[in-house]
Amino acid sequence: GEFVGLASFLGRVPFAGEPLAAGDLEAIQLDAEALRRHLETDVEGALAFARIVSTFACELMELFVTFTAGRLEARIVGLLQRLASHEPSTGDRQEVRLMVSQQDIADAVGASRQRVSVELRKLEEDGCLQLGYRHIVLLRRLQ
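Source: prediction; values computed, not measured.

Enquirer: Any details on the overall build of the protein? Residues and values, ideally.
Expert: Along the backbone of the protein there are six helices and three strands. Counting from the amino terminus, helix and strand elements in the protein follow one another as α-α-α-α-β-α-α-β-β. Per-residue burial for the protein yields a buried fraction of 31% across its 143 residues. The long-range fraction of contacts in the protein, counting pairs at least 24 apart against all pairs at least 6 apart in sequence, stands at 54%. Of the roughly 10200 Å² of accessible surface on the protein, a fraction of 54% belongs to carbon and sulfur atoms.

Here you go:
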């Protein structure tokens, strides 16, 4: 999933955020100094950690670009793709069920629920997804 506090760990600055989860969560809390000492002595572990951090940084930049792309449809599709990447597919058609409301999406992309609803209905008419109460089923990969 996500690395809450990663920048705090790497930059040795306090983490001021408060993480929230929309479902079940497994959390691991590590002692920062002990992890730093370990990474100083374990080259393979440090490289693996660097790969994880690099992947996270790339995903974060893609998310930033998506949410500043301008077009609302692109922001919504980017968000749905990101959410879907963390969910298993179900059924023979590789559907992905996202437990998210239209208001949740609107809050995430910085738009009104009404505008998000219009864009989601267009995607539904195109056969990309199926809208439900507080959930969306992605029927195929969004472009």
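Enquirer: Please provide a residue-by-residue account of the environment of E62, values included.
Expert: Note on placement: E62 falls in helix α3 (residues 43-67). A relative accessible area of 55% places E62 in the exposed class. The sequence separation of E62 and R82 amounts to 20 residues, and the corresponding C-alpha distance is 9.6 Å.

Enquirer: Lay out the side chain of R75 in plain terms, naming residues and giving numbers.
Expert: Here R75 shows up in helix α4 (residues 72-84). Notably, R75 is buried but unbridged: the nearest opposite-charge side chain belongs to E119, and the N-O separation is 9.3 Å. Only 3.1 Å separates the side chain of R75 from the backbone oxygen of V109, close enough to count as a polar contact.

Enquirer: Any chance you could break down the confidence of the model for the protein for me, citing the residues and the numbers?
Expert: Averaged over all residues, the pLDDT of the protein is 82; the fraction at 70 or higher stands at 85%. Predicted confidence in the protein is weakest over helix α1 (residues 6-11), with a mean pLDDT of 73, and strongest over helix α6 (residues 113-125), with 95.

Enquirer: I'd like to hear about the packing of α4 against α6, residue by residue, with values.
Expert: At a minimum axis distance of 10 Å, the contact between α4 and α6 shows a crossing angle of 70 degrees. Our classification of the angle between α4 and α6 gives roughly perpendicular. Contacts between α4 and α6 involve L72, E73, I76, V77 and L80 from the first element and R115, V116, E119, L120 and L123 from the second.

Enquirer: Got a sec to walk through the packing of helix α5 (residues 102-109) against α6? Specific residues and values, please.
Expert: Where α5 meets α6, the axes come as close as 9 Å, and the angle between the chain directions of the two elements is 110 degrees. Accordingly, the angle class assigned to the pair α5 and α6 is roughly perpendicular. In this structure, α5 uses Q102, Q103, I105, A106 and V109 to contact α6, whose residues at the interface are R113, V116, S117 and L120. For the contact of α5 with α6, a count of residues per class yields five nonpolar, three polar and one charged.

Enquirer: Talk me through unusual backbone geometry; I want residue IDs and the actual numbers.
Expert: The backbone of R134 sits at a positive phi, close to 60 degrees, despite the residue not being glycine. Note on placement: R134 falls in the loop between β2 (129-132) and β3 (135-138). Given a relative accessible area of 47%, R134 falls into the partly exposed group.

Calculation notes
- Residues numbered from 1 in each chain as written.
- Predicted model: local features only at pLDDT ≥ 70, side-chain atom pairs only at ≥ 80, totals over all residues.
- Heavy atoms only, no water.
- Helix = DSSP H or I, 4+ residues; strand = E, 2+ residues; numbered from the N terminus.
- Buried < 20%, exposed > 50% of the residue type's maximum accessible area, 1.4 Å probe, protein only.
- Contact = heavy atoms within 4.5 Å.
- Areas by Shrake-Rupley, 256 points an atom, 1.4 Å probe, with all protein chains shown as cover.
- Lys, Arg positive; Asp, Glu negative; His and termini not counted.
- Salt bridge = Lys/Arg side-chain N within 4 Å of Asp/Glu carboxyl O.
- Polar contact = N/O pair within 3.5 Å; in protein donor to acceptor, adjacent residues only side chain to side chain.
- pLDDT = per-residue confidence, 0-100.
- Axes fitted to C-alpha atoms, helices over the stretch in contact; angles between N-to-C directions.
- Parallel < 35°, antiparallel > 145°, perpendicular 65-115°, else oblique.
- Nonpolar A, V, L, I, M, F, W, Y, C, P; charged D, E, K, R; others polar.

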